[in-house]
Amino acid sequence: MPVRNRTSALTALTAAVLAAGTVLTAPPAGAAPRTPAPAFLSASQLPPHPTSSWTAGPVTDGFPEQLGLCVSTEGVPSYDYRHRQFHTDLDTGAVQLTVVTGTPAQAKALAKHYDDLIRTCADRIEDTTPDTEAEGRDYGTLPVEEGARVRGLHTETSWGATDIALLSVGRDGRTVTVVQWAQMGNFTHAPVTAFKKTTTTAVNKLH
């Protein structure tokens, strides 16, 4: 079913988790000086889809709501947020966020903060949406720039909707990126190796 005509369980869960609210620990505040904007992934650099090509949207200012299931800006300083959305003709979508902070130390704290949110996301989903079972998996770190980590998230509702997502957080200097890939399915449908390559590319392209 085309993704534009389908409300996924992940989208519905995002609203539920955001409505419930989460207390976040913010890194030190500080205004980020202006620097050249980080570069973004292109459509061809996402995990290949077996039957449909990827389409990339424009680079847009602000924080993408697609990440709201696990990650948010609550309690975080007003950094320079930009994002790019991607989609196929079927049920697979992706989004990349870049965040420019004030210093490498702030970026390190923010990257850890986002990774902690993703690591604990499954537990928060089950706490706030009792009709949903969620499981997170750790796929390890990547040796790129100041480092990156890849995790997976599977959700299944009581009415049978099942979704799988891969999420990563990486850092280059004072810039952080978060990448998410998602579609209907479970862990067997997750292109972990290809997504690790995508994450490495995303971090390398930041500056």
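Below: a short report on this structure. (Residues numbered from 1 in each chain as written. Predicted model: local features only at pLDDT ≥ 70, side-chain atom pairs only at ≥ 80, totals over all residues. Heavy atoms only, no water.)

### Remarks on the state of the cysteines
Per the stated rule, a full pass over the model turns up one disulfide. With its sulfur 2.0 Å from that of its partner, Cys70 forms a disulfide with Cys121. Handedness of the Cys70-Cys121 disulfide follows from its S-S torsion of about -85 degrees: it is left-handed. Of this pair, Cys70 sits in the loop between β2 (60–61) and β3 (80–87) while Cys121 sits in helix α3 (residues 121–128); the two residues are 51 residues apart in sequence, bridging distant segments of the chain. For Cys70, a relative accessible area of 5% translates into the label buried. (Disulfide = S-S within 2.5 Å. Helix = DSSP H or I, 4+ residues; strand = E, 2+ residues; numbered from the N terminus. Buried < 20%, exposed > 50% of the residue type's maximum accessible area, 1.4 Å probe, protein only.)

### So, helix α2 (residues 104–119)
Because each turn of an α-helix spans 3.6 residues, side chains separated by three or four positions end up pointing in the same direction. Taking 1.5 Å of rise per residue, 16 residues should cover 22 Å, and α2 covers 22 Å from first to last C-alpha, within 8% of that figure. Along α2, the positions that sit buried rather than exposed are Gln106, Ala107, Leu110, Ala111, His113, Tyr114, Asp115, Leu117 and Ile118. (Expected span 1.5 Å × (residues − 1).)

### Concerning the environment of His154
Its place among the elements puts His154 in strand β6 (residues 148–157). Take His154: its relative accessible area is 12%, and that puts it in the buried class. Residues His154 and Leu166 lie 12 residues apart in sequence; the distance between their C-alpha atoms is 8.9 Å. Contacts of His154, omitting those with residues within four sequence positions, involve Glu133, Ala134, Glu135, Thr162, Asp163, Ile164, Gly185, Asn186 and Phe187. (Contact = heavy atoms within 4.5 Å.)

### Focus on the environment of Gln45
With respect to the helices and strands, the residue Gln45 is situated in the loop between α1 (9–20) and β1 (55–56). For Gln45 and Ala202, which are 157 residues apart along the polypeptide, the C-alpha to C-alpha distance reads 8.6 Å. Those residues within four positions of Gln45 in sequence are excluded, and the remaining contacts are Phe40, Thr198, Thr201 and Lys205. There is a polar contact of 2.9 Å between the side chain of Gln45 and the backbone nitrogen of Ser42. (Polar contact = N/O pair within 3.5 Å; in protein donor to acceptor, adjacent residues only side chain to side chain.)

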